[in-house]
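Here are the chains, one letter per residue:
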Amino acid sequence: MSAPAPAPAPAPAPAPAMRSSRIKRARAVEAIAKTITGACLFLTIAATLAIIGVIVYRGAPSISWEFLSSMPKKQMTEGGIWPAIWGTLMLTLGTALFAGPIGIGAGIYLAEYAKSGPVTRMIRLSIANMAGVPSIVYGLFGLSLFVMVLKFGTSLLAGSLTLACLTLPVIIGSTEESFRQVPRDLRQASLALGATKLRTIMRVVLPAAAPGIVTGSILGLSRAAGETAPIMLTAVAFFAPMPDSPFDQVMALPYHLYIMATQAVKPAPAIIWGTAFVLVGGVTAAGVLAAAWRSRQRSKLRW
Amino acid sequence: MTQPSDKTARKGRLGFSRAADAVVRRVIAACGLIAVVVLAAIFGFLLVNAIKAIREVGLGTMMAGTDWYPTTEPPVFGFLPSEVGSLWVTGVALLLAVPIGIAAAVFLSEFAKGRFKEIAKSVVEFMAAVPSVVLGLLGLAYIAPLISKTFNVDSGLTALTAGLVVGVMSLPTIISIAEDALFSVPKELRQGALALGNTDWQTTYKVVVPAASSGIFAAAMLGLGRAIGETMVVLMLAGNSGLIPTSPLQAARTMTGTIAQEMGEVVRGGTHYSVLFAMGLVLFAITFVINLAADVVLERQRKKWRR
């Protein structure tokens, strides 16, 4: 209360105690922060595992040869899903045929020919932007260009072309990435032997980059195989016979699943979950096989 | 005798190979432009098909119109119910996905080690590969009943339900891009901070996260883009009401869902058809701006750490 004593000079004694308490606090905060961020990652992983678990648990029992290979019966409430499997395979194959060559070409251009400048910058911006365009907008584009203007109708062809546009950024990206990973020495050795740039690219760089390109493309294609919105506007029908030509409507797994899950008269849950299992299983199997093949090829190549 | 012919043959081969080189180079350069062409074509075709609606109804009237009665006579085309629905769904999705995604990315990049890190990364990658229609099915089977029970609402098909599932969908995008951004922060910065006596966490939030902030921001933006553009989940889970939702516990419709649901039933070439294209154009414009912003930010970050 009375006049305060002259302020005590900061004694050396309390400092270590304060410091140790600060260290303790920092360590405690660190432990809490690690727990919280770790919990967030754990939550994400748990959600993914739960998704896999539910689909396998509810879908796997309904898988039988008959389910996979027969036609739907009685308004989809019985029978199999063969036409939907076939339709999705055909759509994906068509997508690969259209998007593969052009996407790989564009990737080669960016990796080997493009000089840094405004044009290249614009191309890169466009690719990044294409990857973010909503799939339903691709559907509208496909509907107006392929279905209406080019008069392909609601068809396998229109759907494949639409999905090809959607998949292009993935294929371009993985091609460029794979080309950049091929060491420069290989190119220089080839050029030094008198090969032209094109020959070098085709005979030396492309084979070395192929595993990465194929794997990246398969991942992109498997994503396209699971898309529903674009093919809804361009390719699929609720029920269609097996397609005879590229101008026919098709059935497809994702759309089949959507219809069965939302229509008023629902088929047996076994059929719905079985379809989901086939779709997720197919997409996953393609991805895993592609990744395994890539790592085998990579271990063969050594540089 | 043989020498001259040999020489011409070699010259011919060289000439041919040069010509082939030139041709193929042009073809490849043309492929390079495909992305620009497709993007421009998307915009062009949306615009051409939307012109009828813009002329007859007016872009302002559509975008600010509060009622959506496309099949009455005369029809009323107001986008607000869809726009507000998209806002609710996206808002819920981002509230869930941005904090969790960034936190998970921080743990993955800064604290996780070795085999666990690799496995966790592949799990996240797998999550991105699950088709959205399958997530919609899971939402119908599990999340919608849960929402209906928890909040005591009649139908579990609400903006909240769709938002939660869309949030799960955009998690992998946010995690992988944010993780990339954190990973690209130079090691020296971390070592410097640790050498000054900071803990791992102090290093992370004082040095690494600020250094990667633009990339993390871009991750959130791209997550936003995915959430706005998601179609099947909202079509299956949001309830598709035509009214403007005032809370996330009401049924809602989104722009993507409206297009997907009604495009199948419209007269091709009619006003309703054109109006749906106009809605697609608005959607395209929104995502275009978001993606462009994210890309510009990412590019700046890339330049910053390029050595």
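The rules we used
- Within each chain, residue numbers correspond to sequence positions counted from 1 in written order.
- Here chains are named by letter from A upward and ligands by number from 1 upward, in the order in which they appear as written.
- Reporting in this predicted model follows two pLDDT cut-offs: at least 70 for local features of residues, and 80 or more for side-chain atom pairs to be given and counted; totals over whole chains, interfaces and linings ignore these cut-offs and use all residues.
- Secondary structure elements follow DSSP: runs of H or I no shorter than four residues count as helices, runs of E no shorter than two count as strands, and numbering proceeds from the N terminus.
- Radius of gyration here is computed from C-alpha atoms only, and the compact-globule reference equals 2.2 Å multiplied by the residue count raised to the power 0.38.
- Once C-beta atoms are placed from the backbone, each residue is buried if 20 or more other C-beta atoms lie within 10 Å of its own, exposed if 12 or fewer, and partly exposed for counts between those two.
- Any residue pair is listed as a contact if its two C-beta atoms, each placed from the backbone, are within 7 Å.
- Residue polarity is assigned by list, with Asp, Glu, Lys and Arg as charged and Ala, Val, Leu, Ile, Met, Phe, Trp, Tyr, Cys and Pro as nonpolar; anything else, Gly included, falls into the polar class.
- Simply put, an axis is a line fit to the C-alpha atoms, just over the touching stretch for a helix, and the angle between two N-to-C directions goes from 0 to 180 degrees.
- Any angle between 65 and 115 degrees counts as roughly perpendicular, while under 35 counts as roughly parallel, over 145 as roughly antiparallel, and the rest as oblique.
- Helix crossings are classified by the rotation of the near helix relative to the far one: an anticlockwise turn of less than a right angle makes the crossing left-handed, while a clockwise turn makes it right-handed.
- Across the chain, each position has a pLDDT score giving the predictor's confidence in that residue, from 0 to 100.

A. Representation of the overall build of chain B in the model. When its secondary structure is counted, chain B shows 13 helices and two strands. Along the longest, intermediate and shortest principal axes, the C-alpha atoms of chain B span 90 × 65 × 35 Å.

B. Inspection of the overall build of chain A at higher detail. A tally of regular secondary structure across chain A gives eleven helices and two strands. In sequence order, the secondary structure elements of chain A are arranged as α-α-β-β-α-α-α-α-α-α-α-α-α. In terms of overall dimensions, chain A is more spread out than a globule: its C-alpha atoms have a radius of gyration of 28 Å, far above the 19 Å expected for 303 residues. Across its three principal directions, the C-alpha atoms of chain A cover 100 × 65 × 40 Å. The buried share of chain A, reckoned over its 303 residues, is 45%. Pairs at least 24 residues apart make up 75% of the contacts formed inside chain A by residues separated by at least 6 positions.

C. Examining the interface of chain B and chain A more closely. With 70 residues of chain B at the interface, the matching set in chain A holds 73 residues. Looking at the side of chain B that touches chain A, its residues break down into 51 nonpolar, 13 polar and six charged.

D. Seen up close, the packing of helix α4 (residues 118-132) of chain A against helix α2 (residues 34-56) of chain B. Orientation of α4 of chain A relative to α2 of chain B, taken along the N-to-C sense of each, is 55°, at an axis distance of 8 Å. Taken together, α4 of chain A and α2 of chain B sit at an angle that is classed as oblique. The handedness of the crossing between α4 of chain A and α2 of chain B comes out as left-handed. In this structure, α4 of chain A contributes Met122, Ile123, Ser126, Ile127, Asn129 and Met130 of chain A to the contact, and α2 of chain B contributes Ala35, Val36, Val38 and Leu39 of chain B. Residues belonging to the contact of α4 of chain A with α2 of chain B are distributed by class as follows: eight nonpolar, two polar and no charged.

E. The arrangement of unusual backbone geometry in detail. Non-glycine residue Lys151 of chain A carries a positive phi angle of around 60°. Tracing the backbone through its elements, the reader meets Lys151 of chain A in the loop between α5 (135-149) and α6 (156-181). The exposure class of Lys151 of chain A is exposed, given the 10 C-beta atoms found within 10 Å. The backbone of Asn152 of chain B shows a phi angle near 55°, a positive value even though the residue is not glycine. Structurally, Asn152 of chain B can be placed in the loop between α6 (132-150) and α7 (159-183). Overall, Asn152 of chain B belongs to the exposed group, with 8 C-beta atoms counted inside 10 Å.

F. How the structure looks around the confidence of the model for chain A. Scored by pLDDT, chain A has a mean of 84; 91% of the residues are at 70 or more. Within the model, pLDDT remains below 50 along residues 1-5 of chain A, and this stretch shows zero contacts once partners closer than five positions in the same chain are excluded.

G. Examining helix α12 (residues 255-262) of chain B more closely. Taken across its eight residues, α12 of chain B has six buried, putting it largely inside the fold. Those residues of α12 of chain B that sit buried are Met255, Thr256, Gly257, Thr258, Ile259 and Ala260 of chain B.

H. Focus on the environment of Leu289 of chain A. Residues and elements named next belong to chain A. Relative to the elements of secondary structure, Leu289 occurs in helix α11 (residues 269-300). A count of 12 C-beta atoms within 10 Å places Leu289 in the exposed class. Between the C-alpha atom of Leu289 and that of Thr215, which follows or precedes it by 74 residues, the distance is 8.7 Å.

I. Spotlight on the environment of Val288 of chain A. With respect to the helices, strands and loops of the structure, Val288 of chain A is situated in helix α11. In sequence terms Val288 of chain A and Leu219 of chain A are 69 residues apart; their C-alpha atoms lie 9.2 Å from each other.

J. Quick look at the confidence of the model for chain B. Averaged over chain B, the pLDDT score is 86; the fraction of residues at 70 or greater is 94%. Here the complex is predicted with pTM 0.88, and the ipTM for its interfaces comes to 0.89.

K. Quick look at the environment of Thr162 of chain A. Residues and elements named next belong to chain A. Tracing the chain through its elements places Thr162 in helix α6. For Thr162, a count of 31 C-beta atoms within 10 Å translates into the label buried. Counting along the chain gives 70 residues from Thr162 to Met232, while the straight-line C-alpha distance between them is 11 Å. Contact partners of Thr162, with chain neighbours within four places excluded, come to Tyr138, Gly139, Gly142, Phe146, Pro230 and Thr234.

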